[in-house]
Amino acid sequence: MACLASSRVGGVASEVVWDANCHGVAQLADDAALTVGRDAGITPECLLAAAANAALMVAFLERAAAAGLAVLGYVSASRFEPAVEVPGGARLVLLPSMLVAADDVDRAGKLLQEALAEAPVLRQLLPEVALECSIQPMGRPAGRR
């Protein structure tokens, strides 16, 4: 017997159809499909981490573009670790790494913190989301050798 779960938030719709073996197919916007379940290698934890990483990246890159900050490279990973505050709980640690001009390192860090605090998906997960970022400078600041 299949079970159907549906979600509609902010105009975004998804639908997951599950079979008795805990295999599911998520129907996403624009008819995209994603096979989920432990056998597929895409667990709820993987989806949550991917959603959080994507939310941070989109929020940060939008702020960077609006501020005129050129991001030369961006990649993000994540990990779950035990939440000290909540017995048996976990917190998600986002690990973005980026490359910006040497003069923009501090500004990139500030924009990343703003993105963490303001992205709608991440606001739902806070305070159980932590940020450990690596911002690497490209080249030298203007006027220096």
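Residues numbered from 1 in each chain as written. Predicted model: local features only at pLDDT ≥ 70, side-chain atom pairs only at ≥ 80, totals over all residues. Heavy atoms only, no water.

A short note on the side chain of N53
So, step 1. Assignment of secondary structure puts N53 in helix α1 (residues 44–66).
So, step 2. Here N53 is in contact with S76, A77, S78 and L94, once residues within four sequence places are set aside. (Helix = DSSP H or I, 4+ residues; strand = E, 2+ residues; numbered from the N terminus. Contact = heavy atoms within 4.5 Å.)

With respect to α1
So, step 1. Compared with an ideal rise of 1.5 Å per residue, which puts 23 residues at 33 Å, α1 spans 33 Å between its outermost C-alpha atoms and is within 8% of the ideal.
So, step 2. Looking at α1, one finds that the buried residues are A49, A52, N53, A55, L56, A59, F60, R63 and A64.
So, step 3. On the buried face of α1, the contacting elements are β5 (71–82), β6 (90–101), α2 (105–118), α3 (120–125) and β7 (129–131).
So, step 4. Phi turns positive, to about 75°, at G68, one or two residues after α1. (Expected span 1.5 Å × (residues − 1). Buried < 20%, exposed > 50% of the residue type's maximum accessible area, 1.4 Å probe, protein only.)

Let's talk about the pairing of β6
So, step 1. Looking at chain direction, β5 and β6 are connected through eleven bridges and run antiparallel. If you follow A77 over to β6, its bridge partner there is L95. (Pairing = 2+ DSSP bridges.)

Let's talk about the confidence of the model for the chain
Low-confidence regions, as indicated by low pLDDT, have predicted coordinates that should not be scrutinised in detail.
So, step 1. In this model, the chain carries an average pLDDT of 82, and 87% of its residues clear a pLDDT of 70 or more.
So, step 2. Strand β1 (residues 3–9) is the least confidently modelled element of the chain, averaging 43 in pLDDT, while α2 averages 95, the highest of any element.
So, step 3. The low-confidence segment residues 1–9 (pLDDT under 50) makes 20 contacts with residues lying over four places distant or belonging to another chain. (pLDDT = per-residue confidence, 0-100.)

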